[in-house]
Amino acid sequence: MVNKVKLGLNNLYLFKNNNDDYLLLDTGLASKEDLILNKINKVIGDYNKIKVIVITHSHSDHIGNLKLLLDKIKREDKIVIIHSNAKDIMLSGEKIIPNGFYKFSKYISKKLKVKFLGNFQKGFENLSEEDLKNVIFLDFKDYEEFSLNEYGFENLKVIYTSGHSKDSISLVYNDDYLFCGDMVQNLFFKYPLIPLFGDDIEELISSWKKAIEKGYSRFYPATSKSYILREDLIKKLEKYE
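Small disclaimer: the values here were computed from a predicted structure and weren't measured.

Undergrad: So what exactly am I meant to see when it comes to the sheet that holds strand β13 (residues 218-220) here?
TA: Within a sheet, neighbouring strands are paired by backbone hydrogen bonds and run either parallel or antiparallel to one another. The mixed open sheet is built from six strands, whose spatial order is β8-β9-β10-β11-β13-β14. Both outer strands of the open sheet, β8 (145-147) and β14 (228-229), are each paired with one neighbouring strand and no more. As paired strands, strand β9 (residues 156-160) and strand β10 (residues 169-173) are joined by five bridges and run antiparallel to one another. Counted as the bridge partner of L156 is Y173 from β10.

Structure (structure tokens):
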């Protein structure tokens, strides 16, 4: 079972396993405690059912409520899964502003980097050593995918989808649907778009190609009105190339 929680512009996703535990994909932009907890409780009844939190990447609109949730969820077996390239950011709390992929977003990125120079990342500041004990860092050096079987989620696995950021990962559901963070966007348009911001456009396109080759039929971006069909992503890729 998959449930969506809308928090600002972003979609957070909750996946249920047979033990009535949940996996939460991303935590959204930092919000008031009651807002995110009430939204989660409305969907699953109790946020303490969340056993696993997967972070698609370390930008502020995806990790803003991580510390809050780690403090609030009262269970010993909770874990956080994130790419190892985010480890230094988690330890330093540094706020990351990605580059722009378009002319206007490059301009916005430049302005934001000046404005937020030296600021801390909401969700990562004040992380304790105890918090980090709950974190699993994935590096994908010896494997192409990371199964979540041992955590009770037999139909879920994580793959590396770099480009938007160096620590971008996506969640595969039933080997068919890809919940892909900001690998692709379509918030205001019907068809998929290259995201406004990111680190490396060629790596991003490579991640698109890999996802298409895997045969996933639907793509669920973090900022999207609905899912994207595989054939529409192929059309966009062909147009780009």
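Undergrad: Hey, could you run me through a nonpolar patch on the surface in this one?
TA: A cluster of nonpolar residues, F104, Y107, I108 and L196, forms a patch on the protein surface that exposes about 390 Å² of accessible area. Position of L196 among the secondary structure elements: in the loop between β11 (177-179) and β12 (197-198).

Undergrad: Would you take a moment to explain the pairing of strand β3 (residues 22-25) for this structure?
TA: Along any regular strand, the residues point their side chains to alternate faces of the sheet. Side-chain alternation along β3 places Y22 and L24 on one buried face and L23 and L25 on a second face that is also buried. Judged from the four bridges that link them, strand β2 (residues 10-16) and β3 form a sheet pairing that is antiparallel. Each residue of the ladder has a partner; that of Y13, found in β3, is L25. Hairpin remark: β2 followed by β3, antiparallel, with five residues in the connecting loop; positive phi at D20, about 65 degrees. In this sheet, strand β4 (residues 50-54) lies alongside β3 in parallel orientation, the contact comprising four bridges. Within β4, the position partnered with L25 by the bridge is V54.

Undergrad: Teacher, can you tell me more about the packing of aromatic side chains here?
TA: Each aromatic ring pair is summarised here by two numbers: the centre-to-centre distance and the angle between the ring planes. Scanning the model with the defined rule gives 13 aromatic pairs in all. For the pair F140 and Y160, a centre-to-centre distance of 5.7 Å together with 15 degrees between the ring planes defines the contact as stacked. Remark: Y160 occurs in strand β9 and F140 occurs in the loop between β7 (135-138) and β8; sequence separation between them is 20 residues. On the basis of relative accessible area, Y160 is assigned to the partly exposed category, the value being 22%.

Undergrad: Just to check I follow, could you spell out the side chain of N65 for this structure?
TA: Structurally, N65 is set in the loop between α2 (60-63) and α3 (66-72). A residue is classified by how much of its surface remains accessible, and N65, at 1% relative accessible area, is buried. A polar side-chain atom of N65 sits 3.0 Å from the main-chain carbonyl oxygen of L29. Of the polar contacts made by the side chain of N65, one reaches the backbone nitrogen of S31; its length is 3.0 Å.

Definitions and limits used
Residues numbered from 1 in each chain as written. Predicted model: local features only at pLDDT ≥ 70, side-chain atom pairs only at ≥ 80, totals over all residues. Heavy atoms only, no water. Pairing = 2+ DSSP bridges. Helix = DSSP H or I, 4+ residues; strand = E, 2+ residues; numbered from the N terminus. Patch = residues over 30% accessible without salt bridge, like charges linked within 9 Å, V, L, I, M, F, W, Y side chains within 5 Å. Areas by Shrake-Rupley, 256 points an atom, 1.4 Å probe, with all protein chains shown as cover. Salt bridge = Lys/Arg side-chain N within 4 Å of Asp/Glu carboxyl O. Buried < 20%, exposed > 50% of the residue type's maximum accessible area, 1.4 Å probe, protein only. Phe/Tyr/Trp six-rings, centres within 6.5 Å; stacked < 30°, edge-to-face > 60°. Polar contact = N/O pair within 3.5 Å; in protein donor to acceptor, adjacent residues only side chain to side chain.

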